[in-house]
Amino acid sequence: MVGEIKDHKIVSENEWIQARKQFLIKEKEFTLLRDQLNEERQNLPWKIVNKEYVFDGPEGKQTLSELFDGNSQLITYHFMFGINWDAGCPHCSFWADNFNGIVSHLRQRDVTMIAVSRAPYNKLAAYEKRMGWNFKWVSSENTDFNFNYNVSFTQDEITKKKATYNFTIQDPGETDREGVSVFFKDKTGKIFHTYSAYARGIDMLNVAYHYLDLVPKGRDEKGDGQFWVRRHDEY
């Protein structure tokens, strides 16, 4: 249910401009802080990836190195789609609705972006067709990639409600969770893990939320979280 707005302050044109200009000062401060945060993120130390991973995708079997597809930077979105699930997570689907149009732009900046899930590739391909997407999506079903990057969990971890997620020990809630991991490949072919983020850390990847942040009702989620989100063909 969409919330109501009651008794909001109404002002004159001059008062509106004054209030907006005052808020613009804070917006500019935030923009500068975000630039600083981005620079700090890019300067974080890296960790070498020594393990070989082989994924299933639209081009058949591919290693992690091959997924870079000629670029030196790789973004992998950890899409929640467990091996035995019949469909992808509706919330990850909300995020993935933002991916289609940006892949070609990212390629111009030496970046390849893909999605990775544990479900078998035939399930991913069928779901992608249903959703009308065309970004690259590969299956890590036959690897421990998802477990090593802390987005999939063993039955023992689920039962005990203790697993490493978002850099802390907590109840993961599901066998598979959301996140993003970034990799860099140097000229010698060495691969480095440069960054990962989870939970609200991937908030910035959802353009729709940033538009909702502009409107008076905002996200209108209050304490209920993403109660309203459905797959785009289920509204």
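Look above for the structure.
All values derive from a computational prediction rather than experimental measurement.

Q: Explain the overall build of the chain here, please?
A: Counting its secondary structure elements, the chain contains eight helices and ten strands. In terms of principal-axis extent, the alpha carbons of the chain reach across some 65 × 40 × 35 Å. Across the 235 residues of the chain, 37% fall into the buried class. Sequence separation of at least 24 residues holds for 63% of the intrachain contacts in the chain that already meet a minimum separation of 6. Surface summary for the chain: the accessible area is close to 14600 Å², and the carbon and sulfur share equals 54%. Across the chain, 31 positive and 34 negative side-chain charges occur, with their mean positions spaced 2 Å apart.

Q: Honestly, the pairing of strand S5 (residues 111-117) in this entry has me stumped. Any pointers?
A: Within a regular beta strand, the side chains point alternately toward one face of the sheet and then the other, so they alternate between its two faces. Here S5 lies mainly inside the structure; seven of its seven residues are buried. Neither face of S5 is exposed, since Val111, Met113, Ala115 and Ser117 on one face and Thr112, Ile114 and Val116 on the opposite face are all buried. Bridging between strand S4 (residues 73-78) and S5 involves six bridges; their strand directions are parallel. Each residue of the ladder has a partner; that of Ile75, found in S5, is Met113.

Q: Just to check I follow, could you spell out the side chain of Gln62 for this structure?
A: Position of Gln62 relative to the elements: it lies in strand S3 (residues 60-63). Here Lys136 takes part through its side chain, which lies 2.6 Å from a polar atom of the side chain of Gln62. What Gln62 contacts, discounting residues up to four positions off in sequence, is Tyr53, Val54, Phe55, Leu67 and Lys136.

Q: Hey, could you run me through the pairing of strand S2 (residues 54-57) in this one?
A: With four bridges joining them, S2 and S3 adopt antiparallel strand pairing. In the strand pairing of S3, Asp56 is matched with Lys61. Joining the antiparallel neighbours S2 and S3 is a turn of two residues.

Q: Whenever I open this one, the environment of Leu44 confuses me. Can you help?
A: With respect to the helices, strands and loops of the structure, Leu44 is situated in the loop between helix H1 (13-42) and strand S1 (47-48). Expressed as a C-alpha distance, the spacing of Leu44 and Val182, which sit 138 residues apart in the sequence, is 12 Å.

Q: How should the nonpolar core be read in this particular structure?
A: One recurring pattern in soluble globular proteins: nonpolar side chains tend to sit buried together. Counting 25 residues, the largest nonpolar core has Phe79, Tyr127, Trp133 and Trp137 as its most contacted members. Among the elements of the structure, helix H3 (90-96), S5 and helix H5 (121-131) are those that each provide at least two residues to this core. Excluding residues that lie within four positions of it along the chain, Tyr127 makes contacts with Phe79, Phe81, Ala87, Gly88, Cys89, Ser93, Trp133, Trp137 and Arg231. Within the second largest apolar cluster, 14 residues are counted, among which are Val49, Phe55, Leu67 and Ile191.

The rules behind each value
Residues numbered from 1 in each chain as written. Predicted model: local features only at pLDDT ≥ 70, side-chain atom pairs only at ≥ 80, totals over all residues. Heavy atoms only, no water. Helix = DSSP H or I, 4+ residues; strand = E, 2+ residues; numbered from the N terminus. Buried < 20%, exposed > 50% of the residue type's maximum accessible area, 1.4 Å probe, protein only. Contact = heavy atoms within 4.5 Å. Areas by Shrake-Rupley, 256 points an atom, 1.4 Å probe, with all protein chains shown as cover. Lys, Arg positive; Asp, Glu negative; His and termini not counted. Charge placed at Lys NZ, Arg CZ, Asp CG, Glu CD. Pairing = 2+ DSSP bridges. Polar contact = N/O pair within 3.5 Å; in protein donor to acceptor, adjacent residues only side chain to side chain. Core = buried A, V, L, I, M, F, W, Y, C linked by side-chain atoms within 4.5 Å.

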